[in-house]
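# Observations on chain architecture
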Amino acid sequence: MATHQLQGSLFDQGDDVRLGPLSGMRRTVLGDGAWIDLLPGWLSGAGELFERLAEDVPWKAERREMYERVVDVPRLLAFYRAGEPLPHPVLDQARRSLSAHYAAELGEEFTTAGLCHYRDGRDSVAWHGDRIGRGAREDTMVAILSVGAPRDLLLRPVGGGETVRRPLGHGDLIVMGGSCQRTWEHAIPKSARSAGGRISVQFRPRGVQ
């Protein structure tokens, strides 16, 4: 659609969609056994990938019960189980690269991919941890590849504490590891500054949601 083409043209339209090396990853220790790795610009040609995903992924709008009423989830969602083909070859490559890079530390492969489409600054995700499944009791990793308009990822300790802010731009990668899903929460707040769309791809190991 025209809105997706316009948004893509603001970034790196025309570049080949390709991944860079993971050697430039930089780790920040958060505390309580949690850490994050950040690699800005891991993906080149992210404008083209944004357009492809926005158009080709079978996005779903969901409704959930919250505060004793049913409300619209403020973003579109898609999920690819282990073994299902991903919507672009570079995402398969990204999953393989991440699995190889973290093999010794994680001890298993990234298998699933969840996608979120934040259509504009009004879409968001509230404070949460990926604690459905093994993430509630085991150290694990969640790797997030971001394409589209920049948005801030916020992290804070469970129970309260100082908030850590990491701006995620076009083609950036962030990995949350260790106890991060159990001892910290993360969120994408609404943004009056962001009018464009953003798509995040979350790679997780088996049994982590």
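This text goes with the structure placed above it.
So, here's what we can say about the structure. These numbers come from a predicted model, not from an experiment. (Residues numbered from 1 in each chain as written. Predicted model: local features only at pLDDT ≥ 70, side-chain atom pairs only at ≥ 80, totals over all residues. Heavy atoms only, no water.)

## Details of the packing of aromatic side chains
Throughout the structure, instances matching the rule amount to two aromatic pairs. Judged by centre distance (6.3 Å) and plane angle (20 degrees), the rings of W35 and Y102 are stacked. Taken together, the positions of W35 in strand β3 (residues 34-39) and Y102 in the loop between α3 (89-101) and α4 (103-106) put the pair 67 residues apart, joining distant regions of the chain. Considered together, W35 and Y102 belong to a single accessibility category, that of buried residues. Each ring, one from Y102 and one from F110, has its centre 6.5 Å from the other, and the planes form 75 degrees; the classification is edge-to-face. Accessibility expressed as a relative area gives 3% for F110, which makes it buried. Each residue in the set W35, Y102 and F110 is aromatic and connected to the rest through ring pairs, giving one cluster. A cation sits over an aromatic face here: R27 above W35, 3.5 Å from the ring centre. (Phe/Tyr/Trp six-rings, centres within 6.5 Å; stacked < 30°, edge-to-face > 60°. Helix = DSSP H or I, 4+ residues; strand = E, 2+ residues; numbered from the N terminus. Buried < 20%, exposed > 50% of the residue type's maximum accessible area, 1.4 Å probe, protein only. Lys NZ or Arg CZ within 6 Å of the ring centre and 35° of its normal.)

## A closer look at the pairing of strand β14 (residues 184-188)
Most of β14 sits inside the fold, with five of its five residues counted as buried. With burial as the criterion, each face of β14 is covered, one bearing W184, H186 and I188 and the other bearing E185 and A187. Looking at chain direction, strand β9 (residues 125-128) and β14 are connected through two bridges and run antiparallel. Looking across to β14, one finds that V125 is bridged to I188. Pairing analysis gives four bridges linking strand β11 (residues 151-157) to β14, with the strands arranged antiparallel. The partner of L154 across the bridge, within β14, is A187. (Pairing = 2+ DSSP bridges.)

## A closer look at the pairing of strand β2 (residues 26-31)
Inspection of the sheet shows β2 paired to β3 by five bridges, in the antiparallel sense. Across the sheet, the residue bridging to V29 is W35, located in β3. Connecting the antiparallel pair β2 and β3 is a turn made up of two residues, with D32 showing a positive phi of about 60 degrees.

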